[in-house]
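If you want the building blocks of each chain, they are given just below.
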Amino acid sequence: MSEVEKLTKFTKVRLDWFQSDDGEKRGGERRAALARLRLGVGKEAGTVPETWKYIYEGFPDELAGKGDAPSYAENAIHAALTLYAMHAQGKGNPRVHDGNAGSIGMALNNLKRKNLENEQGILRRFNALVTAKTADEINLHARGVIQLLKQGEIK
C-alpha cells in the first residue's frame with residue numbers, strides 16, 4: 001500500500017468516526033473533539049497539543065516525520081481534520097464531508113450554481129487555491145474556500 005493510500009485510509013477512518021450515526025452516545029465527545037481541532041486551524045501541524053489525540057493517535061509510523069519538522073502526511077492530515085472541524089462548526093450533525101461528492105472543485109461548482117451572484121468571488125477563491133505554491137499558502141486559501149462552502153451549506 002502506498003503512502004497516499006495509507007494516509008487516505010487513515011483520514012477516512014477519522015472522518016467516519018466524526019460522521020457515524022450512533023445517536024447522542026458520542027455526540028458530546030465528538031463536539032469536544034471538533035472544538036479542539038478548530039484550535040489547530042491555520043497553525044503548523046503538531047504545534048497544538050489539544051489536537052494530537054484526534055490527529056495522531058494511531059497514525060501510521062511510516063508516515064510520521066523524522067526529526068522536528070512534520071512530514072507531508074502529518075501536514076495533510078492536520079489540514080484535512082482542522083478544516084473539516086471548521087466546516088462542521090455550528091452544525092447539529094457534523095456530516096459535512098461526502099466521500100462520493102467528488103473534488104473540492106466540484107463542490108465549488110455546486111456552490112457557484114447555487115449562488116450565481118457571487119460567481120466571480122467563488123472563482124477568485126478557487127483560482128487562488130489551485131495556483132498556491134506552498135503548503136502554507138494552500139492552507140490559507142483552503143480556509144477561505146471551506147468558509148464559502150460552509151456558508152453555502154455545500155459538503
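The preceding data block contains the structure.
What this report covers is the structure whose coordinates are included nearby.

About the thresholds
Residues numbered from 1 in each chain as written. Predicted model: local features only at pLDDT ≥ 70, side-chain atom pairs only at ≥ 80, totals over all residues. Heavy atoms only, no water. Helix = DSSP H or I, 4+ residues; strand = E, 2+ residues; numbered from the N terminus. Buried < 20%, exposed > 50% of the residue type's maximum accessible area, 1.4 Å probe, protein only. Contact = heavy atoms within 4.5 Å. Areas by Shrake-Rupley, 256 points an atom, 1.4 Å probe, with all protein chains shown as cover. Phe/Tyr/Trp six-rings, centres within 6.5 Å; stacked < 30°, edge-to-face > 60°. Core = buried A, V, L, I, M, F, W, Y, C linked by side-chain atoms within 4.5 Å. Salt bridge = Lys/Arg side-chain N within 4 Å of Asp/Glu carboxyl O. Polar contact = N/O pair within 3.5 Å; in protein donor to acceptor, adjacent residues only side chain to side chain. Axes fitted to C-alpha atoms, helices over the stretch in contact; angles between N-to-C directions. Parallel < 35°, antiparallel > 145°, perpendicular 65-115°, else oblique. Left-handed = near helix turned anticlockwise from the far one by under 90°. Nonpolar A, V, L, I, M, F, W, Y, C, P; charged D, E, K, R; others polar.

1. Side note on the overall build of the chain
Reasoning step 1: Helix and strand counts for the chain come out as 7 helices and 0 strands.
Reasoning step 2: In the chain, the succession of α and β elements from N to C terminus is α-α-α-α-α-α-α.
Reasoning step 3: Expressed as a percentage of the 155 residues in the chain, the buried residues total 35%.
Reasoning step 4: At a minimum sequence separation of 6, the contacts of the chain that also span at least 24 residues come to 60%.
Reasoning step 5: Accessible surface, the chain: about 9,400 Å² in total, of which carbon and sulfur atoms supply 52%.

2. Regarding the packing of aromatic side chains
Reasoning step 1: Counting across every chain of the model gives 4 aromatic pairs.
Reasoning step 2: With centroids separated by 5.2 Å and ring planes inclined at 90°, the aromatic side chains of Phe10 and Phe59 adopt a geometry described as edge-to-face. Taken together, the residues span a long stretch of sequence, with Phe10 in helix α1 (residues 3-19) and Phe59 in the loop between α3 (52-56) and α4 (72-88) at a distance of 49 residues. Comparing Phe10 with Phe59, the two get one shared label, buried.
Reasoning step 3: Taken together, a centroid distance of 4.9 Å and an interplanar angle of 75° make the contact between Trp17 and Phe18 edge-to-face.
Reasoning step 4: A relative accessible area of 23% places Trp17 in the partly exposed class.
Reasoning step 5: Classification of Phe18 by relative accessible area gives buried; the value is 1%.
Reasoning step 6: Joined through ring pairs, the aromatic side chains of Phe10, Tyr56 and Phe59 make up one cluster.

3. Points about the nonpolar core
Reasoning step 1: Judged by nonpolar contacts, the single largest core of 19 residues is most densely connected at Leu37, Phe59 and Ile77.
Reasoning step 2: If you list the elements that add at least two residues to this core, you get α1, α2 (27-38), α3 and α4.
Reasoning step 3: In terms of residues, this core owes the most to one element, α4, which gives 6 residues.
Reasoning step 4: Not counting chain neighbours up to four residues away, the residues in contact with Leu37 comprise Phe18, Thr51, Tyr54, Ile55, Leu81, Thr82 and Ala85.

4. Details of the pattern of salt bridges
Reasoning step 1: This structure, assessed with the given rule, holds 3 salt bridges.
Reasoning step 2: Residue Lys12 pairs with Asp16 through a salt bridge whose shortest N-O separation is 2.8 Å. One end of the pair is Lys12 and the other is Asp16, both in helix α1 and 4 residues apart, which spans about a single turn.

5. Focus on the side chain of Arg30
Reasoning step 1: Among the structural elements, Arg30 can be located in helix α2.
Reasoning step 2: Side-chain polar atoms of Arg30 contact the backbone oxygen of Phe18, separated by 3.4 Å.

6. Some points on the packing of helix α5 (residues 104-114) against helix α7 (residues 135-151)
Geometry of a packed helix pair, given as the angle between the helix axes and the separation of the axes.
Reasoning step 1: The contact between α5 and α7 brings their axes to 10 Å, and the two run at 45°. Compared by their axis directions, α5 and α7 come out oblique. In this structure, the crossing between α5 and α7 has a hand that is left-handed. In contact with Ile104, Ala107, Leu108 and Leu111 of α5, α7 contributes Val145, Ile146, Leu148 and Leu149.
Reasoning step 2: Across the contact of α5 with α7, the residue classes break down as 8 nonpolar, no polar and no charged.

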